[in-house]
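Chain residues, written in single-letter form:
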Amino acid sequence: MVETLIFEKSVPGRKGVPLPALDVPRASASALPEKLRRKRPAGWPELSEPQVVRHFTRLSQLNFSIDTNFYPLGSCTMKHNPKVNDRVAMLPDFSALHPLRPHTLSQGILEILFELEQWLCRICGMDAFTLQPSAGAQGELTGILVARAYHESRGQNRPLVLIPDSAHGTNPASVAVAGLTAVTIKSAADGQVDLDDLKSKLTDRVGLVMMTIPSTLGMFEPRIQEIAALVHKAGALLYMDGANMNALVGLLRPGDIGVDILHLNLHKTFSTPHGGGGPGAGPVGVQKELEPFLPVPRVAKDGGVFRRKFDRSKTIGRVHGFQGNIGVLIRAYCYMRLQGAEGLLEISENAILAANYVRARLTPLFPKMPKNPCMHEVVVSGDGAYGPGVKTLDVAKRLLDYGFYAPTIYFPLIVPEAMMIEPTENESKETLDAFCATLEKIIDESKAQPDLVKNAPHTTPVRRLDEVKAAREPNLRYAPR
């Protein structure tokens, strides 16, 4: 244990802040029913303010974070979150807003939400957006429910959803939650969708085809318009998992290539804090014929006044309380305003450039490096790259010793010993060079001293953990000794 629990630092009677004297009559203990009264003191920790500050500062320093380390996570874009976004979101005019305040007293925030929807429509080439979903996976579920409601409104039973085998794992999970059935489409040898397999499964029972663009292999599907035409000819809809939109903003509008529904992860592409389970924002955009099915309330502008609209007879209902995670939406709005159209385009270009720079630097180290240029992330296979008995997991752990957070590993599942590296547009050439040089050093270590790598990490506050045990037997409750 590198830092004792705050409860174990407690000293009876010690205070951080003296509370003012009680200025109301003390309530009688009998005012509460017997079953609701404590049988013993709550056991709150009693410490001075410096003790509390030092405790939590030390805890924060035990973690990796994008404020302290390069974070090439891969499957989840971890870019810099400008601090000014946080400062704006914390303004009392936003942080103290009550969601039930009438629209006449909420014109400012409703205007921001309305503009954010309009901007997302312009960026993505869609006709309407809902800001309600609070994460990418919830956005997927919302989009799937919209598609299901659309088909049902036309009297069609289409229970199947086609998903490539390289898709995010949340795609089939969301399909199952929506009560539909996921069917896998194989990838071809080049990592693109196997078009013959898609055609063979595209029946009149298919309601939706979910594509991640760019794919989780970091590749753009060059036949996407042909795929869209096939999907529409079959009477189905094309869904785009927009988790990788950081590679496309300003370069391509999904609506222009035939996408009917998509979700975005504002907490990835538009730079809001991410990780630790949220909060996030997963807005869903749709084409015009699907707009009536979006969740309510929607923000509308009537005669110059912004209002919340509930009168949608075909809506799938609510998927989140009120308008969504407002703090996250405000941060994304600030980010867009700061960047402007030119800035957003430059972000995508630099994200792609950085990933391809890393790909070129690492090509001599990995025998099975993809030959073609990638988009915003590069997926390498560690198969045949390391010394005896060393796995990608070991290399990832060894990176921690050198101060780099580990990339996503073993995903996509179709790549043996996969390592998914997404440098983002924020990192300097010096940082990318240092990361590549460190990977080269670790690979050399794996051949000269394999046990050094297999037993990593060596310098972190805790050594290698039993991740299966942590997942299956979580021990999250403090029990006083």
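Residues numbered from 1 in each chain as written. Predicted model: local features only at pLDDT ≥ 70, side-chain atom pairs only at ≥ 80, totals over all residues. Heavy atoms only, no water.

K.L.:
Before we go on, may I ask you to explain the pattern of salt bridges in this structure?
P.N.:
Side chains bearing opposite charge may pair, as long as their charged atoms lie close to each other. All chains considered together, the criterion is met by 23 salt bridges. Close ionic contact of Glu 3 with Lys 9 constitutes a salt bridge, the shortest N to O distance being 3.1 Å. The pair formed by Glu 3 and Lys 9 is uniform in burial state, with each residue classed as buried. Each member of the salt-bridge network shares a partner with another, and the members are Glu 117, Lys 288, Glu 291 and Arg 298. (Salt bridge = Lys/Arg side-chain N within 4 Å of Asp/Glu carboxyl O. Buried < 20%, exposed > 50% of the residue type's maximum accessible area, 1.4 Å probe, protein only.)

K.L.:
Honestly, the packing of helix α10 (residues 326-362) against helix α12 (residues 429-448) in this entry has me stumped. Any pointers?
P.N.:
Between two packed helices, the angle of one axis relative to the other and the distance separating the axes together describe the packing. Where α10 contacts α12, the axes come no closer than 10 Å and their chain directions differ by 30°. When the axis of α10 is compared with that of α12, the two are roughly parallel. Considering how the two elements wind past one another, α10 and α12 form a crossing that is right-handed. Together, Ala 354, Tyr 357, Val 358, Arg 361 and Leu 362 of α10 and Lys 429, Leu 432, Asp 433, Cys 436, Ala 437 and Leu 439 of α12 make up the contact between the two elements. Residues of the contact of α10 with α12, tallied by class, amount to 8 nonpolar, no polar and 3 charged. (Axes fitted to C-alpha atoms, helices over the stretch in contact; angles between N-to-C directions. Helix = DSSP H or I, 4+ residues; strand = E, 2+ residues; numbered from the N terminus. Parallel < 35°, antiparallel > 145°, perpendicular 65-115°, else oblique. Left-handed = near helix turned anticlockwise from the far one by under 90°. Contact = heavy atoms within 4.5 Å. Nonpolar A, V, L, I, M, F, W, Y, C, P; charged D, E, K, R; others polar.)

K.L.:
Hey, could you run me through the packing of aromatic side chains in this one?
P.N.:
We describe a pair of aromatic rings using the distance from one ring centre to the other and the angle between the two ring planes. Counted by the stated rule, this structure contains 9 aromatic pairs. For the pair Phe 70 and Phe 435, a centre-to-centre distance of 5.3 Å together with 85° between the ring planes defines the contact as edge-to-face. With Phe 70 in the loop between α1 (49-61) and α2 (83-89) and Phe 435 in helix α12, this pair connects stretches of sequence that are 365 residues apart. Note on Phe 70: relative accessible area 6%, which makes it buried. Relative accessible area serves as the criterion here: at 0%, Phe 435 is assigned to the buried category. When the ring of Trp 119 is compared with that of Tyr 333, the centres are 4.9 Å apart and the planes differ by 0°; the resulting orientation is stacked. Separated by 214 residues along the polypeptide, Trp 119 in helix α4 (residues 107-124) and Tyr 333 in helix α10 bring together distant segments of the chain. (Phe/Tyr/Trp six-rings, centres within 6.5 Å; stacked < 30°, edge-to-face > 60°.)

K.L.:
When you look at the nonpolar core in this model, what are you seeing that I'm missing?
P.N.:
Among the nonpolar cores identified, the biggest contains 60 residues, and Leu 120, Val 209 and Phe 270 are the most heavily contacted of them. Elements with a minimum of two residues in this core: α4, β2 (160-164), α7 (195-201), β4 (206-212), α8 (224-233), β5 (237-242), β6 (261-264) and α10. The contacts of Leu 120, once residues within four sequence positions are left out, are Phe 129, Leu 131, Leu 264, Leu 266, Phe 270, Pro 283 and Met 336. Formed by 26 residues, the second largest nonpolar core is a distinct cluster that contains Ala 354, Val 358, Leu 362 and Met 419. (Core = buried A, V, L, I, M, F, W, Y, C linked by side-chain atoms within 4.5 Å.)

K.L.:
Where do I start with the packing of α4 against α10 in this structure?
P.N.:
α10 packs onto α4 with a crossing angle of 50° between their chain directions and a minimal axis gap of 10 Å. By the criterion of interaxial angle, the relationship of α4 to α10 is oblique. As for the relative orientation of α4 and α10, their crossing is left-handed in sense. Together, Ile 109, Ile 112, Leu 113, Glu 115, Leu 116, Trp 119, Leu 120 and Ile 123 of α4 and Ile 326, Leu 329, Ile 330, Tyr 333, Met 336, Arg 337 and Leu 344 of α10 make up the contact between the two elements. Grouping the amino acids of the contact of α4 with α10 by side-chain chemistry returns 13 nonpolar, no polar and 2 charged.

K.L.:
How should I be thinking about the state of the cysteines in this particular structure?
P.N.:
Throughout the structure, instances matching the rule amount to 0 disulfides. Looking at the unpaired Cys 124, the closest cysteine sulfur is the one in Cys 121, lying at 8.0 Å. Cys 124 sits in the buried class, given a relative accessible area of 0%. The closest cysteine sulfur to the non-disulfide-bonded Cys 436 is located on Cys 374, 12 Å from its own sulfur. (Disulfide = S-S within 2.5 Å.)

K.L.:
What's the story with the sheet that holds strand β7 (residues 284-286) in this structure? I'm lost.
P.N.:
For sheets, the rule is that strands pair by backbone hydrogen bonds, running either parallel or antiparallel. What the 7 strands build is an open sheet, ordered β1-β7-β6-β5-β4-β2-β3; its pairing is mixed. Only two strands of the sheet have a single partner each, and these edge strands are β1 (128-130) and β3 (181-185). Between one strand and the next, the sheet's axes are offset by a mean angle of 25°, whatever the strand orientation. Both β6 and β7 contribute to a ladder of 3 bridges, which runs antiparallel. Each residue of the ladder has a partner; that of Ile 261, found in β7, is Val 286. Strands in contact with helix α5 (residues 136-153) are β4, β5, β6 and β7; relative to β5, the strand with the most contacts, it is inclined by about 170°. Running at roughly 140° to β5, α8 makes contact with β4 and β5 of the sheet. (Pairing = 2+ DSSP bridges.)

K.L.:
Would you mind showing me how to read the sheet that holds strand β12 (residues 418-421) here?
P.N.:
Judged by pairing direction, the sheet is antiparallel, and its 3 strands sit side by side in the order β10-β12-β11 without closing on themselves. The outermost strands of the open sheet, each flanked by one partner alone, are β10 (378-381) and β11 (408-409). Here β10 runs beside β12; their pairing, made up of 4 bridges, is antiparallel. Looking across to β12, one finds that Val 380 is bridged to Met 419.

K.L.:
Any chance you could explain α8 here in plain terms?
P.N.:
Three- or four-residue spacings in an α-helix give side chains the same orientation, since the helix completes a turn every 3.6 residues. If you check which residues of α8 are buried, you get Ile 224, Ile 227, Ala 228 and Val 231. Buried residues of α8, viewed axially, fall in a sector of 100°; they line one side. Exposed and facing more than 90 degrees away from the buried side of α8 are Gln 225 and Lys 233. Residues of α8 that are buried sit in contact with α7, β4 and β5. Just past α8, the residue Gly 235 takes up positive phi, approximately 85°. (Arc of directions from axis to C-beta.)

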